[in-house]
Amino acid sequence: MTIFGTIDASQYEEQIRAKAETLTQEMRGIFRIPEPEIFTSDPVHYRMRAEFTVFHEGERLRFCMTDVENGEKKRVFIDRFDPGSELINFFMPVLADLISGNPLLQKRLFDIDFLTSLSGQSLITLTYHKKLTEEWEAEARKLLGKLRETGKHVNLIGRAAKQKIVMDEDFVWETLRVNGKEFHYQQIDNSFTQPNGHVAEKMLSYAQNITRGLPGDLLELYCGNGNFSIAMAENFNKVLATEISKTSVKSAQLNIARNNVANLKILRMSAEEFTEAMNKVRSFRRLEESGVDLDSYDCHTVLVDPPRAGLDDATLKMIQRYDNIVYVSCNPVTLMENLKVLTETHVIDKLAFFDQFPYTRHVETVVLLSREK
């Protein structure tokens, strides 16, 4: 389901209740589970990022989205976007007014992306079906100046085939409040970030709470920009985390320094590669160059936050070695498939649903499993 424009917030409580009940029943039909905790979202203005296609109605620029009904695509014009943050809604009409009628900025523009943060920063990306010239860049600089006259912290990016022109930064800084403490994260253009800022705060707080007091070290797979590992590092002696994206690893290193975390190391490796390293199947130069001795870690807990496809079979088997498993999932289908394997050796101790995507069938799930005694 795609949300277009205006939201009837009075429907919020019913939609999260129905969604949670459905997933609870599905899981109870397969597993022995505790009563799930449910963490709600703001009913409006909850998305920190949004992407719109552009329609040119004469000299007037309009935002639009695509609705698919009975297999047919239909253009839906958007003048306001209630799921989007207040910053997104603030800049939409301002941007449309400033670009409309300006041939250098409007011609061949087909997509506008917004990335915003709870800390009040915005990044706007304009994407074109044309080469971006020096004349375009000069006009875009004027546009950015006018956007900044609003008093908002904003940067601008121009994109075209094999071109990316950054004015002046290609990221925002996000500040998330986790159990009363602030954590700061660089969130980069075109990289994965949690879309719902306030729900992300609840997820990090929950992960901190359920792992507090667990012994030894922590291993995290698919760590992204260090989102979970930075917030959870204070619960463990040492933390070792892996991520395959070069951009995310670079951002994670910056975030580690920004948050003064001294006990966390990031490896640029996929989960599959790390599993091969742990199983002594092969050696990796990246691992050797990092100076990390895997045998020096005493990890009793592993956190995984895989993509929608879930975990591969080898990684599933590997994480069964750990006493405690924190599984963060954006896809209940692959989560339950993976849990069928994990519950051969572990029991589900904690279960929570987080409404990252209100008014859709999607829900984010966090499960804590412990080794069956």
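Remember, it's a predicted structure, so these values are computed and weren't measured experimentally.

Engineer: Could you give me a rundown of the pattern of salt bridges, with the residues and numbers involved?
Structural biologist: Across all of its chains, the model carries 19 salt bridges by this definition. Salt-bridge contacts for arginine 62 lead to glutamate 57; the nearest nitrogen and oxygen are separated by 3.7 Å. In this structure glutamate 57 comes out as partly exposed when scored by relative accessible area, which is 40%. For the salt bridge of aspartate 82 with arginine 80, the shortest nitrogen-to-oxygen distance reads 2.7 Å. Residue class for aspartate 82 comes out buried when judged on its relative accessible area of 5%. Residue arginine 80 is classed as partly exposed on the basis of its relative accessible area, which comes to 45%.

Engineer: Give a description of the layout of surface pockets that names residues and reports values.
Structural biologist: Remark: the empty space left among the atoms is shown by a probe the size of a water molecule rolled over them. Considered as a void within the structure, the second largest pocket measures approximately 210 Å³ in volume. Lining the second largest pocket are Lys19, Thr22, Leu23, Glu26, Arg308, Asn331, Pro332, Val333, Met336, Arg361, His362 and Val363. Listing elements by their share of the lining of the second largest pocket, those giving two or more residues are helix H1 (12-28) and helix H11 (332-342). For the lining of the second largest pocket, the element with the highest residue contribution is H1, accounting for 4 residues.

Engineer: Before we move on, could you go through the sheet that holds strand S17 (residues 364-371) and cite the residues and values that matter?
Structural biologist: Strands sit in the order S1-S16-S17-S15-S14-S11-S12-S13 across an open sheet of 8 strands; the sheet is mixed. Of all the strands in the sheet, the pair left with one neighbour each is strand S1 (37-39) and strand S13 (264-267). Strand-to-strand twist in this sheet, taken as the mean axis angle between neighbours without regard to direction, amounts to 15°. In the sheet, strand S16 (residues 346-354) pairs with S17 via 8 bridges, with the strands oriented antiparallel. Bridging across to S17, isoleucine 348 finds its partner in leucine 369. The strands touched by H1 within the sheet are S1, S16 and S17, with S16 carrying the most contacts at an inclination of about 165°. Where helix H8 (residues 271-278) meets the sheet, it contacts strand S11 (217-221), strand S12 (239-242) and S13, and its direction lies at approximately 135° from that of S11.

Engineer: Kindly report on the sheet that holds strand S7 (residues 153-160), identifying the contributing residues and their values.
Structural biologist: Ordered in space as S4-S3-S2-S5-S6-S7-S8, the 7 strands form an open sheet in which the pairing is mixed. Of all strands in the sheet, those with a lone pairing partner are strand S4 (72-78) and strand S8 (163-167), marking the two edges. This sheet shows a mean twist of 30° between the axes of neighbouring strands, independent of strand direction. Two elements, strand S2 (residues 49-57) and strand S3 (residues 60-69), share 5 bridges in a ladder whose sense is antiparallel. In the strand pairing of S3, phenylalanine 55 is matched with arginine 62. Packed on one face of the sheet, helix H2 (residues 86-99) meets S2, S3, S4, strand S5 (109-116), strand S6 (121-128) and S7 and runs near 150° to S5.

Engineer: Quick rundown of the pairing of strand S15 (residues 324-329)? Include the residues and the values.
Structural biologist: For S15, a buried count of 6 out of 6 residues is recorded, marking the element as mostly surrounded by other parts of the structure. Pairing of strand S14 (residues 299-304) with S15 involves 4 bridges; the strand directions are parallel. Bridge pairing in S15 places leucine 303 opposite valine 326. Regarding topology, helix H10 (residues 313-319) serves as the crossover connection from S14 to the parallel S15, and that connection is right-handed. Here 6 bridges tie S15 to S17, and the two strands are oriented antiparallel to one another. Note on S17: the bridge partner recorded for valine 326 is leucine 368.

Engineer: Describe helix H4 (residues 134-148), listing the residues and the values that go with them.
Structural biologist: Structural remark: α-helix, 3.6 residues per turn; residues separated by three or four positions point the same way. For H4, which comprises 15 residues, the first-to-last C-alpha distance of 21 Å matches the rise-based estimate of 21 Å (1.5 Å per residue) to within 8%. Of all the positions in H4, only Trp136, Glu139, Ala140, Leu143, Leu144 and Leu147 are classed as buried. Burial along H4 is one-sided: seen end-on, the buried residues are contained in an arc of 150°. Opposite its buried face, H4 presents the exposed residues Glu134 and Lys142, each directed more than 90 degrees away. On its buried face, H4 sits against H2, helix H3 (103-106), S6, S7 and S8.

Cut-off values and rules
Residues numbered from 1 in each chain as written. Predicted model: local features only at pLDDT ≥ 70, side-chain atom pairs only at ≥ 80, totals over all residues. Heavy atoms only, no water. Salt bridge = Lys/Arg side-chain N within 4 Å of Asp/Glu carboxyl O. Buried < 20%, exposed > 50% of the residue type's maximum accessible area, 1.4 Å probe, protein only. 1 Å grid on protein atoms, 1.4 Å probe; cavity = no way out; pocket = protein on both sides within 12 Å on 5 of 7 lines; lining within 4 Å. Points joined across faces, edges and corners; volume = space filled by probe spheres on them. Helix = DSSP H or I, 4+ residues; strand = E, 2+ residues; numbered from the N terminus. Pairing = 2+ DSSP bridges. Axes fitted to C-alpha atoms, helices over the stretch in contact; angles between N-to-C directions. Contact = heavy atoms within 4.5 Å. Right-handed = clockwise from strand over helix to strand, strands pointing away. Expected span 1.5 Å × (residues − 1). Arc of directions from axis to C-beta.

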